[in-house]
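Chain by chain, the residues:
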Amino acid sequence: MTPATLISALGSAERQYPLTRKSLVCADINYARELLGALALHTGGWIGWEGTTLREIAEELAFVSLANQDKRAGTDIEIGGLVNRALDDLLQSRKLSPSFASLQDSLGFRHLVRDSVLELRTAGVRADQIRARAANNSAVKDLAAVLERYEAVLSDAKLVDPASIFHVALEEFKNEAPCTLAGAILFAPSVRARGLAGRLADLLVSNGAETVGSDEGGDPLSPHVTFDCFAGATPSEELREVFRRIMAESLRFDDVELVATDTDAYGIALDGLCQQLNIGATMLHGI
């Protein structure tokens, strides 16, 4: 679906549910906000839209149950620390293979273990399933041991990670959905959910959620989009040229998207240029 067609589909949903609460589910909350901003530019405004993600919906569904259990969502730092603790516990008890243990001082290795454990849990994969499919002497069996130990440490800490939130949301869906899922729930076409998130998406669809533009045919809004790629000597020079072109074409800053190869380098250069020219700006990663 092209950007023009997607904005058109959102416009149709706005006309279909003019005063109803409308939750636009996207893979990323910033993408949802950008879509709703574009919709406002092309329609003159809207009422009742809210950008969200499957993770945020899961948090709403799980909120009461987690509060009753006296549990809270752990921060990224806390969850990462628990994975490291699980790894260290197994290292101290010498329950990991020598090849796996030899990498323990590598920060990159620890990040890889953390990410793998969290992804496996969000995918709904259990330690026993990993062992059943892993080859003999495979390092994957060590990862299964870390996953198992992490789950025990997580339970003792009275914290929940993203996978735990999805598990509770799925268990409480029938009870909590009538209270938390008011209005229309609309998926952006780009949402592709698997594992626990996919199971929640399926429940939402069975509860009436739909994909934006699934029945759209025309393209009545047809926003004009052009692409202009160029390079300069430095990021600062390129950004100055961007500003020149914006002014030459009498565009608003909200009508322009900047695509850069390095968000940090260009973000710092843009911030410096905005301060120098006294132009107000807000920035988020990737926008």
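Structure shown above.
In short, a report on the structure.

Conventions and cut-offs
Residues numbered from 1 in each chain as written. Predicted model: local features only at pLDDT ≥ 70, side-chain atom pairs only at ≥ 80, totals over all residues. Heavy atoms only, no water. Salt bridge = Lys/Arg side-chain N within 4 Å of Asp/Glu carboxyl O. Buried < 20%, exposed > 50% of the residue type's maximum accessible area, 1.4 Å probe, protein only. Axes fitted to C-alpha atoms, helices over the stretch in contact; angles between N-to-C directions. Helix = DSSP H or I, 4+ residues; strand = E, 2+ residues; numbered from the N terminus. Parallel < 35°, antiparallel > 145°, perpendicular 65-115°, else oblique. Left-handed = near helix turned anticlockwise from the far one by under 90°. Contact = heavy atoms within 4.5 Å. Nonpolar A, V, L, I, M, F, W, Y, C, P; charged D, E, K, R; others polar. Core = buried A, V, L, I, M, F, W, Y, C linked by side-chain atoms within 4.5 Å. Phe/Tyr/Trp six-rings, centres within 6.5 Å; stacked < 30°, edge-to-face > 60°. Lys NZ or Arg CZ within 6 Å of the ring centre and 35° of its normal. Pairing = 2+ DSSP bridges.

**Describing the pattern of salt bridges**
Consideration 1: Per the counting criterion, the structure on display carries 13 salt bridges.
Consideration 2: Where R72 meets E78, a salt bridge forms, and the shortest distance between an N and an O atom there is 2.7 Å.
Consideration 3: Overall, E78 belongs to the partly exposed group, its relative accessible area being 28%.
Consideration 4: Because the salt bridges share partners, they merge into one network encompassing R121, E151 and D161.

**What to know about the packing of helix α11 (residues 235-248) against helix α12 (residues 263-277)**
Consideration 1: As a packed pair, α11 and α12 sit with axes 9 Å apart at the nearest point and diverge in direction by 55°. The angle between α11 and α12 falls in the class oblique. In the crossing of α11 with α12, the sense of the turn from one axis to the other is right-handed. Contacts from P235, S236, E238, L239, R240 and F243 in α11 reach Y266, A269, L270, L273, C274, Q276 and L277 in α12.
Consideration 2: Along the lines of polarity and charge, the residues of the contact of α11 with α12 split into nine nonpolar, two polar and two charged.

**As for the nonpolar core**
A general tendency of soluble globular proteins is for nonpolar side chains to be buried together.
Consideration 1: Counting 41 residues, the largest nonpolar core has L54, L200 and L204 as its most contacted members.
Consideration 2: For this core, the secondary-structure elements that each account for two or more residues are α1 (3-16), β1 (22-25), α2 (29-43), α3 (54-68), α9 (162-180), β5 (184-187) and α10 (195-206).
Consideration 3: By residue number, the principal contributor to this core is α9, which donates eight residues.
Consideration 4: Apart from the residues within four sequence positions on either side, L54 is in contact with V25, F166, F187, V191, A193, A197, L200, A201 and L204.
Consideration 5: By size, the runner-up hydrophobic cluster in this structure holds 25 residues, among which are F109, L120, A127 and L147.

**Let's talk about the packing of α3 against α10**
Consideration 1: At their nearest, the axes of α3 and α10 sit 10 Å apart, and the two run at 75° to each other. Comparing the axis directions of α3 and α10 gives the class roughly perpendicular. Where α3 approaches α10, its residues L54, I57, A58 and L61 are matched on the opposing element by A197, L200, A201 and L204.
Consideration 2: Its residues placed into classes, the contact of α3 with α10 shows eight nonpolar, no polar and no charged.

**Some thoughts on the packing of aromatic side chains**
Consideration 1: By the definition in use, this model includes two aromatic pairs.
Consideration 2: Taking 5.0 Å as the distance between ring centres and 75° as the angle between the ring planes, the aromatic pair formed by F100 and F109 counts as edge-to-face. Each member of the pair, F100 together with F109, is buried.
Consideration 3: Geometry around F230 places R245 over its ring, the cationic atom sitting 4.1 Å from the centre.

**Side note on the pairing of strand β2 (residues 49-52)**
Moving residue by residue along a regular strand, the side chains alternate between the two faces of the sheet.
Consideration 1: With four bridges connecting them, β1 and β2 associate as parallel partners. Within β2, the position partnered with S23 by the bridge is E50.

**Focus on the sheet that holds strand β6 (residues 210-211)**
Consideration 1: Within the open sheet, the four strands sit side by side as β2-β1-β5-β6. Their pairing is parallel. One side of each edge strand has no neighbouring strand; the edge strands of this open sheet are β2 and β6.
Consideration 2: Direction of pairing for β5 relative to β6: parallel, over a ladder of two bridges. Bridge pairing in β6 places L186 opposite E210.
Consideration 3: In the packing of α2 onto the sheet, contacts are made with β1 and β2, and the angle to β2 comes to roughly 155°.
Consideration 4: α3 rests against β1, β2 and β5 of the sheet, and its axis sits at about 100° to β2.

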